[in-house]
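Each chain, letter by letter, is given below.
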Amino acid sequence: MQIFFQQVINGLSLGSIYALLALGYTMVYGIIKLINFAHGDIYMLGAFWGYYVINSWHFNFIEALLSAMVVGAVSGVVIEYFAYRPLRHSPRITALITAIGVSFLLENGMSYLFSSNTRSFPQIIQQHNYNIGGVLISNIQILILVTACVLMVLLQLIIKKTKMGKAMRAVSVDSDAAELVGINTNVTISFTFALGSSLAGAAGVLIGLYYNSIDPLMGMTPGIKAFVAAVLGGIGSVPGASVGGFLIGILETLFQSIGLSAYKDAVVYGVLIIILLILPAGLFGKNKKEKV
Amino acid sequence: MLKVSDLVVNYGVINAVKKVNFEINQGEIVTLIGANGAGKTTILKSISGLLKAKSGQIEYEGKSINRQKAPKIVAAGISQVPEGRHIFPGLSVKENLQMGAFLVKDSSKIRQGFQEVYDRFPVLKERENQDAATLSGGEQQMLAMGRALMARPKLILLDEPSMGLAPIFINEIFDIIKEINSNGTTVLLIEQNAKKALSIADRGYVVASGEIKMTGTGGELLQNEDVQKAYLGG
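From a predicted model like this one, the values you see are computed outputs, not experimental measurements. (Residues numbered from 1 in each chain as written. Chains lettered and ligands numbered in written order. Predicted model: local features only at pLDDT ≥ 70, side-chain atom pairs only at ≥ 80, totals over all residues.)

**A word on the nonpolar core**
Residue and element names in this part refer to chain A.
Alright, step 1. Counting residues in each nonpolar core, the largest one holds 159 residues, and the members touching the most others are A19, L20, L21, A22, A202, A203 and A229.
Alright, step 2. Counting residues per element, this core draws most heavily on helix α1 (residues 2-32), which supplies 15 residues.
Alright, step 3. Residues in contact with A22, not counting those within four places in the same chain, are A226, A229, A230, G233, A241, G244 and G245. (Core = buried A, V, L, I, M, F, W, Y, C linked by C-beta atoms within 7 Å. Buried ≥ 20, exposed ≤ 12 C-beta atoms within 10 Å, placed from the backbone. Helix = DSSP H or I, 4+ residues; strand = E, 2+ residues; numbered from the N terminus. Contact = placed C-beta atoms within 7 Å.)

**A word on the interface of chain B and chain A**
Put simply, an interface is often sized by how much accessible area is lost when its parts join up.
Alright, step 1. Each side of the interface is counted separately: chain B has 22 residues, and chain A has 15 residues.
Alright, step 2. At the level of secondary structure, the elements contributing two or more residues to the side of chain B that touches chain A comprise α2 (70-76) and α3 (93-100) of chain B.
Alright, step 3. In terms of residue class, the side of chain B that touches chain A is built from 13 nonpolar, seven polar and two charged. (Nonpolar A, V, L, I, M, F, W, Y, C, P; charged D, E, K, R; others polar.)

**Remarks on the pairing of strand β7 (residues 155-159) of chain B**
Residue and element names in this part refer to chain B.
Alright, step 1. Of all five residues that make up β7, five are buried, and the element is covered over most of its length.
Alright, step 2. Burial along β7 is two-sided: the face carrying L155, L157 and D159 and the face carrying I156 and L158 are both buried.
Alright, step 3. Note: strand β6 (residues 78-81) against β7, four bridges, orientation parallel. Its bridge partner being in β7, S79 is matched across the sheet by I156.
Alright, step 4. Two elements, β7 and strand β8 (residues 186-191), share five bridges in a ladder whose sense is parallel. From the neighbouring strand, L157 faces β8, where its bridge partner is L188. (Pairing = 2+ DSSP bridges.)

Given below as structure tokens:
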């Protein structure tokens, strides 16, 4: 039982990271029906930014986190503006392939500019472990979980309560009707990219603290896992992405702990296949019924 | 108020609207009637900025609005209620109306807008917090009209407001259109229900295969034999 709870704790920390990433996938998909394959690389940029500002400008955790969110948001908006906006009215496959291209550009561009070496992320927060009934939990794990939860609550408030959040939802369900009430869809789409990418930037700093190592290709696997989490939760659904992220994180650590380390990714995708067979729209996805 | 001259619009490769001319004066109800596919919706969409005209002029209050995007046109005072309602599912009735007032900055004007819309459509007030997708067809039509009115338009474009509605709602919708008009909003109405449309309209235009075939006052067109044969079932 102790081992189980230990793995749940570890899974929740890893799951927070996946959840933050999955939110970006799901929001962007919700509004322009694009799987933004470059999303994992924004997380990598966030991690590198954190690495740089902590080492060179001696930023503390909060400063590094917030500035990485800004960097993430700006990169997301720039990528959307130059790579996806010109393809707004092209077939979806064109935009999808472009997204893969942007991802390669960021990964290889960063390797070229800063070398592909793995770097150790500066540990600005001294790790302490607390023993709660035999379950070890570190202050960094708590920090990751709390930060992720705060960001998710903020995101939910923005989407539900603010005018821009409502506009995002309006554009994602009916962009022509949104234009007809005066909503500028381009601005709204940029805003969505900014929000989603800022979460990816934050996740990059958090993973740096947690795993202590970063490299230009670090976004690939978590990017795909977070995408799986978004699909699992029901792509386009914001609560679904959070739940999916936590679920994937916990599953992964649980299977790792029972000695299936080599198969942990296979298990994650296996679970995805099973859930999609039973619930094709994912856990929280809506089966679209259109009223005419 | 609105003057459309030599308007040509292509819909993909189809030449949907061919040199159309018509105008709307302030305070009028003008209707475009015609069969399915005659080009009525295309004309409306090019006024509201969803489609770009290939050539021709659309002048509103003396200024060309051809090249303007939809949000700019809403800001200028033209709101469209699209065919098939197109309310925002997943947003509550209240949020749908708030989105209607997206460009209204003055919060007292927004409050006034809510007041007026709720007075006119009390059922929307009752269902304020309900997901708009759960409304009936007639209620969704009212919400779509309420949403357009929240922008406080000077000219409202209505695309098939009675489509798919129960007869009891159809009469109500036409009464509401008259009311909206008598409160000072100019109306451009597109309808397949030509009889109803002509009976409340000051003037009408008959559209067929992308061209205006005939024009006259609502009464004249109602009496016209060709119009009766083609559009009024007898």
